[in-house]
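Chains, contacts and geometry: an overview
Below are the chains, spelled out letter by letter.
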Amino acid sequence: DIGAALASAADPGVERATLDDLDEQVAVAHERIEQGRNKGEFGYASLNLLEATDAETIHDAVAPVADAESVITVGIGGSALGAKTITEALAEDPGSHVVLDNVDPEHVRRTLDGLSLADTAINVVSRSGTTAETLANFLVVREAYEDRGVDWTERIVVTTGESGPLRALADQHDLPTLPVPEGVPGRFSALSAVGLVPPAILGIDIEGLLAGGQQAADDLAPSLYDSPAYAYGAMAYALEEAGATVNAVMPYAERLESFGEWFAQLWAESLGKDGRGQTPARALGATDQHSQLQLYRAGHRDKVVTFVRPRERADVSIPDPDHEDLSYLAGTDLGGLIDAEYEATVASLPAADRPALEVEIDRLDAESVGELLYAMEAACVLVGELADVETFTQPAVEWGKNATRALIRGEATDETAVIDERERL
Ligand code: PA5
């Protein structure tokens, strides 16, 4: 809903005339994006991912572990958040997918202690095959399986590039492997083997996810007025230009909480360059109405709130109250209540001259989630074009990865020189 950001005197806000001017830039950006897609250029190839992803190949690779009751993903960042978002939104049992991304030793130990490893498939994902956190956690997980007498080589699927230590380990142990897609940075790879192995093992409709993504791809058009993905991207860009340097994503569905985490990576890592980029903030409706909303409605005028909700959801009726003061709840249900909270909160921002954007999906099913993920990726690519930043690189992230490896190996590099200098001070 573009209206809420245009409404009255929202500050930061966007005039309709500004948006009309911006639409010409959207048409130019769309042409550039299509050219990149047609040539399969690095990064732009992300928006062709659906054609490159073969659901059958993924089903074949996971067949040996399809009996698993749960999955443990060993990966980090773009190699974990897509699968986490999808399974949290769509798995029948939300606890059936565990992500081991961090290397907090107590967390790793507690996570492994809480799992029945004989019933758990291992999904190791690393595009580069060199990420320290992923490789270290993989070795720890492997040993935990051995300690409990479970043959980890029979319970594993590896998704990685053509070379690197993880590929070498997979070859050494003859493990089933899936390739990472060519020309697609990790954070854009949710709708490939990188994000689809855990859903496939847990019986989630991966074909539906891909079909939903295709729907969003088919909806891309050279005008923000004709393309929901570009409408969102153009508004986010225009609001950033107007001063909304923070984008708080607030889904009204517990099952979309990790979507906020996925979005945060996509937006921050792609657009945080050259002194630009909205800072993504994470909130959850209706819970954060009782905390962060105060700031969003009355704090610095540097924010836009992006509301996300499914139009339909399974409902729970609220039992008739036996107290007069609660009679307003009689005959209602939790879905009605959360929708009322949503409507009230969305309206409360323009009423305080603050911008709000709405993103609605039909329901929490595979098609809608696939559509949402693809549309946000396309929106992000558009913002990158409008802002003229290198959307598909992540030099600051690589700096940290290189520094970590060099520190652990005791090597002297440009990165460790900076660390030594800080310690000297
Ligand atoms: O999006 C990115 O580039 C990062 O978040 C990577 O996905 C993350 O660092 C993990 O890298 P890799 O898949 O090489 O292990």
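A quick note: this is a predicted structure, and the numbers were derived from the prediction, not measured.

A closer look at the confidence of the model for the chain
In low-pLDDT regions, the fine details of the predicted coordinates are not to be read closely. Summing up the model confidence of the chain, the mean pLDDT is 95 and the portion of residues at 70 or higher is 98%. Confidence estimates for the predicted assembly give a pTM of 0.95 and an ipTM of 0.98.

Some details on the sheet that holds strand β4 (residues 156-160)
Spatial strand order, β2-β1-β3-β4-β5: five strands in an open sheet with parallel pairing. A single partner strand is all that each edge strand has here, and the edge strands are β2 (97-100) and β5 (177-179). The mean inter-strand angle of the sheet, taken between neighbouring strand axes irrespective of direction, is 20°. In this sheet, β4 lies alongside strand β3 (residues 120-126) in parallel orientation, the contact comprising five bridges.

Overview of the site of the ligand
Around the ligand, a shell composed of 13 residues is seen, among which Ser79, Ser126, Ser128, Thr131 and Gln265 lie nearest. One of the backbone N or O atoms of Gly78 is found 3.0 Å from an oxygen atom in the ligand. One nitrogen or oxygen atom from the main chain of Arg127 is found 2.7 Å from an oxygen atom belonging to the ligand. Classifying every residue of the shell around the ligand by side-chain character gives one nonpolar, eight polar and four charged.

A few points about the pairing of β3
Most of β3 sits inside the fold, with seven of its seven residues counted as buried. Alternating residues of β3 divide into Thr120, Ile122, Val124 and Ser126 and Ala121, Asn123 and Val125, and every residue in both groups is buried. Summarising the sheet, strand β1 (residues 70-74) and β3 pair through five bridges and their orientation is parallel. The partner of Ile72 across the bridge, within β3, is Ile122. Each parallel crossover has a hand, and for β3 linked through helix α7 (residues 132-147) to β4 it is right-handed.

Focus on the pattern of salt bridges
Between side chains of opposite charge, pairing is possible as soon as their charged atoms come close. One pass over the structure, following the stated rule, counts 19 salt bridges. Across the salt bridge formed by Asp11 and Arg301, the nearest N and O atoms sit 3.8 Å from each other. Of this pair, Asp11 sits in the loop between α1 (3-6) and α2 (16-39) while Arg301 sits in the loop between α13 (293-298) and β8 (303-310); the two residues are 290 residues apart in sequence, bridging distant segments of the chain. Note on Asp11: relative accessible area 38%, which makes it partly exposed. Note that Arg155 and Asp67 form a salt bridge whose closest N and O atoms lie 3.6 Å from each other. Taken together, the positions of Arg155 in the loop between α7 and β4 and Asp67 in the loop between α4 (55-62) and β1 put the pair 88 residues apart, joining distant regions of the chain. With relative accessibility at 58%, the residue Asp67 sits in the exposed group.

Some details on the nonpolar core
Residues Leu209, Phe259 and Trp267 are the most contacted members of the largest nonpolar core, which totals 84 residues. When residues of this core are assigned to their parent elements, the largest contribution, 15 residues, is made by helix α15 (residues 366-387). Those residues in contact with Trp267 that lie beyond four places of it in its chain are Tyr232, Ala236, Asn247, Gly272, Gln278, Pro280, Met376, Ala379, Cys380 and Val383. Core analysis: the next-biggest nonpolar cluster, separate from the first, contains 23 residues, Leu115, Leu135, Tyr145 and Val150 among them.

Some details on the sheet that holds strand β9 (residues 356-361)
Pairing is parallel in the open sheet, where four strands are placed in the order β7-β6-β8-β9. Both outer strands of the open sheet, β7 (279-282) and β9, are each paired with one neighbouring strand and no more. Across this sheet, the average inter-strand angle for adjacent strands is 20°, counted without regard to direction. Inspection of the sheet shows strand β6 (residues 246-251) paired to β8 by six bridges, in the parallel sense. Considered in β8, the bridge of Ala248 is made with Val305. Along the sheet, helix α12 (residues 257-271) contacts β6, β7 and β8; its crossing angle with β7, the most-contacted strand, is approximately 175°. On the sheet, helix α14 (residues 334-351) packs against β8 and β9 and is oriented at approximately 160° with respect to β8.

Here's the deal with the packing of aromatic side chains
In this structure the tally under the stated criterion is 11 aromatic pairs. Here the aromatic rings of Tyr252 and Tyr342 are separated by 5.2 Å at their centres, their planes lie at 90°, and the arrangement is edge-to-face. One end of the pair, Tyr252, is in the loop between β6 and α12; the other, Tyr342, is in helix α14, and 90 residues separate them in sequence. Pair check on accessibility: Tyr252 and Tyr342 agree, each one buried. The interplanar angle of 25° and the centroid separation of 4.6 Å between the aromatic rings of Phe263 and Trp267 together place this pair among those described as stacked. Remark: Trp267 and Phe263 occur in helix α12; sequence separation between them is four residues, near one turn of the helix. For the pair Phe263 and Trp267, one class covers both residues: buried. Ring pairing ties together the aromatic residues Tyr232, Phe259, Trp262, Phe263 and Trp267, which thus form one cluster. Against the face of Phe138 rests Arg142, its NZ or CZ located 5.8 Å from the ring centre.

What counts and how
- Residues numbered from 1 in each chain as written.
- Predicted model: local features only at pLDDT ≥ 70, side-chain atom pairs only at ≥ 80, totals over all residues.
- Heavy atoms only, no water.
- pLDDT = per-residue confidence, 0-100.
- Pairing = 2+ DSSP bridges.
- Helix = DSSP H or I, 4+ residues; strand = E, 2+ residues; numbered from the N terminus.
- Axes fitted to C-alpha atoms, helices over the stretch in contact; angles between N-to-C directions.
- Near = heavy atom within 4 Å.
- Polar contact = N/O pair within 3.5 Å; in protein donor to acceptor, adjacent residues only side chain to side chain.
- Nonpolar A, V, L, I, M, F, W, Y, C, P; charged D, E, K, R; others polar.
- Buried < 20%, exposed > 50% of the residue type's maximum accessible area, 1.4 Å probe, protein only.
- Right-handed = clockwise from strand over helix to strand, strands pointing away.
- Salt bridge = Lys/Arg side-chain N within 4 Å of Asp/Glu carboxyl O.
- Core = buried A, V, L, I, M, F, W, Y, C linked by side-chain atoms within 4.5 Å.
- Contact = heavy atoms within 4.5 Å.
- Phe/Tyr/Trp six-rings, centres within 6.5 Å; stacked < 30°, edge-to-face > 60°.
- Lys NZ or Arg CZ within 6 Å of the ring centre and 35° of its normal.

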